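# Structure assessment
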Amino acid sequence: MKRPYYIGLSLFILIVMLIADQLSKWVIATQMTIGESFTVIPNFLSITSHRNDGAAWGILSGQMIFFYLITIVIIIALIVFYFKEAKDHMMMQVAISLLLAGALGNFIDRVMNGEVVDFVDTILFGYDFPIFNIADASLTIGVGLLVIILLTDKTKEKKKV
């Protein structure tokens, strides 16, 4: 029996997230100056033009060669994982598609501009969260979804034994 891959859905998610990420970054980069900000929801959400040449929270700032290499390795690993481990598992394929979209979105920025455009500025429970972008959100949602899938699948396996 042939195992299904939801390639159409996966490609749709990947393309939509990548377009949303790149289009939003282009709008921010062309319409706002770095540091410019406007409030969307007071004390919760602002759009702030920011650039980051590192990873989350500015970690490893300026280490572009490292980011190029690690991103290529991660993209290859995600594609292999998609085809080897995510058979018959639509939600895992969705999670991997989100991870790929996020990795590719920030990789494009790094290659084209030497930095990543960030703009989503939130305050959560009084904490001014680091500014991020749609690619970062896609990565975070993909990781969260993958963790939930892996934990629930392990729980199902234990119940079967």
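Reading the values: rules and limits
- Residues numbered from 1 in each chain as written.
- Predicted model: local features only at pLDDT ≥ 70, side-chain atom pairs only at ≥ 80, totals over all residues.
- Heavy atoms only, no water.
- Salt bridge = Lys/Arg side-chain N within 4 Å of Asp/Glu carboxyl O.
- Helix = DSSP H or I, 4+ residues; strand = E, 2+ residues; numbered from the N terminus.
- UniProt positions renumbered as here; feature names shortened; annotations may be inferred.

With that settled, the discussion passes to the pattern of salt bridges. One pass over the full model with this rule turns up 2 salt bridges. Here Asp 109 ties to Lys 25 by a salt bridge, and the two come within 3.1 Å at their closest N and O atoms. With Asp 109 in helix H3 (residues 90-113) and Lys 25 in helix H1 (residues 7-31), this pair connects stretches of sequence that are 84 residues apart. When salt bridges that share partners are traced, they join Asp 21, Lys 25 and Asp 109 into one network.

With that settled, consider the UniProt feature "transmembrane region" (unreviewed entry) in the protein chain. In the numbering used here, UniProt assigns the "transmembrane region" (unreviewed entry) feature to residues 65-83, 90-109 and 129-151. For residues 65-83, the end-to-end C-alpha separation is 28 Å, with 100% helix and 0% strand making up the annotated structure. Counting secondary structure, residues 129-151 comes out at 78% helix and 0% strand; the distance between its end C-alpha atoms is 27 Å.

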